[in-house]
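The lines below spell out each chain.
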Amino acid sequence: AYLLKSLGRWEEAEALFRRMLQWREATYGAQHPDTLASAGVLAILLETQGKLCSAELFYRRALAGFEARQDAAGSGGSNLCAEPPEVMELSARLAGLLHLQERLPEAEPLARRALRGREATLGLEHLETLESAYQLAHILYAQGLYGEAQ
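In this text, all values refer to a predicted model and were calculated from it rather than measured experimentally. (Residues numbered from 1 in each chain as written. Predicted model: local features only at pLDDT ≥ 70, side-chain atom pairs only at ≥ 80, totals over all residues. Heavy atoms only, no water.)

(A) Highlighting the overall build of the chain. Along its length, the chain carries eight helices and zero strands. The order of helices and strands in the chain, counted from the N terminus, is α-α-α-α-α-α-α-α. The globule rule puts the C-alpha radius of gyration for 150 residues at 15 Å, and the 16 Å found for the chain is close to it. Taken along its principal axes, the extent of the C-alpha atoms in the chain is 45 × 35 × 25 Å. (Helix = DSSP H or I, 4+ residues; strand = E, 2+ residues; numbered from the N terminus. Rg over C-alpha atoms; globule rule 2.2 N^0.38 Å.)

Pasting the structure below:
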């Protein structure tokens, strides 16, 4: 599936990613981290193909699953240092997708969450933190919040 994706054979890759997701769900269960990761990978591929509605569904599914796992582990999101990297990544990716669709009020809290988590876990100078800061600034600017975007 990854090879087909890298070759730009997206429809074939999508079929294999969907099969992998179905297999993992049947084998490990819907909330297993490998199943959730597969949903996230499928979302990325769907977004690449411009299938934004489908991509959003899989991003939200993966994000909700990782959040549920986080809550079950007892952190409940109160300790940003305990924010799983998957939650930060999926929050940033979903924010980007919503931004593409000009759904800025929905994108903003996700971008803020990704930035807060990355600042706390990776530091202010890490590339992913800087990318999150840029993403949030771009979303704020697009909403006319110029002062806050700076």
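(B) Representation of the environment of Arg61. Along the chain, Arg61 turns up in helix α4 (residues 52-73). Using a relative accessible area of 30% as the deciding quantity, one classes Arg61 as partly exposed. As a C-alpha pair, Arg61 and Ala39 span 22 residues in sequence and 7.2 Å in three-dimensional space. If near-sequence neighbours (up to four positions away) are discounted, Arg61 is found in contact with Leu21, Glu25, Thr35, Leu36 and Ala39. (Buried < 20%, exposed > 50% of the residue type's maximum accessible area, 1.4 Å probe, protein only. Contact = heavy atoms within 4.5 Å.)

(C) Inspection of the packing of aromatic side chains at higher detail. In the structure shown here, the tally under the stated rule is three aromatic pairs. Each ring, one from Trp23 and one from Tyr28, has its centre 5.5 Å from the other, and the planes form 85°; the classification is edge-to-face. Since its relative accessible area comes to 39%, Tyr28 is described here as partly exposed. (Phe/Tyr/Trp six-rings, centres within 6.5 Å; stacked < 30°, edge-to-face > 60°.)

(D) Main features of the pattern of salt bridges. One pass over the full model with this rule turns up 16 salt bridges. Across the pair Arg93 and Glu89 runs a salt bridge, and its minimum N-O distance is 2.7 Å. On the criterion of helical spacing, the pair formed by Arg93 and Glu89 is a turn pair, its members being four residues apart in helix α5 (residues 85-100). Residue classification places Glu89 among the partly exposed residues on the basis of a relative accessible area of 29%. Look at the salt bridges and you will find they share partners, linking Glu11, Glu14, Arg18 and Lys51 into a network. (Salt bridge = Lys/Arg side-chain N within 4 Å of Asp/Glu carboxyl O.)

(E) Layout of the environment of Asp71. Relative to the assigned elements, Asp71 resides in helix α4. For the pair Asp71 and Leu7, spaced 64 residues apart in sequence, the C-alpha separation works out to 38 Å.

(F) Layout of the side chain of Thr35. Relative to the helices and strands, Thr35 is located in helix α3 (residues 33-48). Excluding residues within four positions of it along the chain, Thr35 makes contact with Leu21, Arg24, Glu25, Tyr28, Gly29, Ala30 and Arg61.

(G) Main features of the side chain of Glu83. Within the secondary structure, Glu83 sits in the loop between α4 and α5. Classification of Glu83 by relative accessible area gives buried; the value is 5%. Engagement of the side chain of Glu83 in a polar contact is seen with the side chain of Gln70, the distance being 3.1 Å. Sequence-distant contacts of Glu83, defined by excluding residues within four places in its chain, comprise Gln70, Met88, Arg113 and Thr121. (Polar contact = N/O pair within 3.5 Å; in protein donor to acceptor, adjacent residues only side chain to side chain.)

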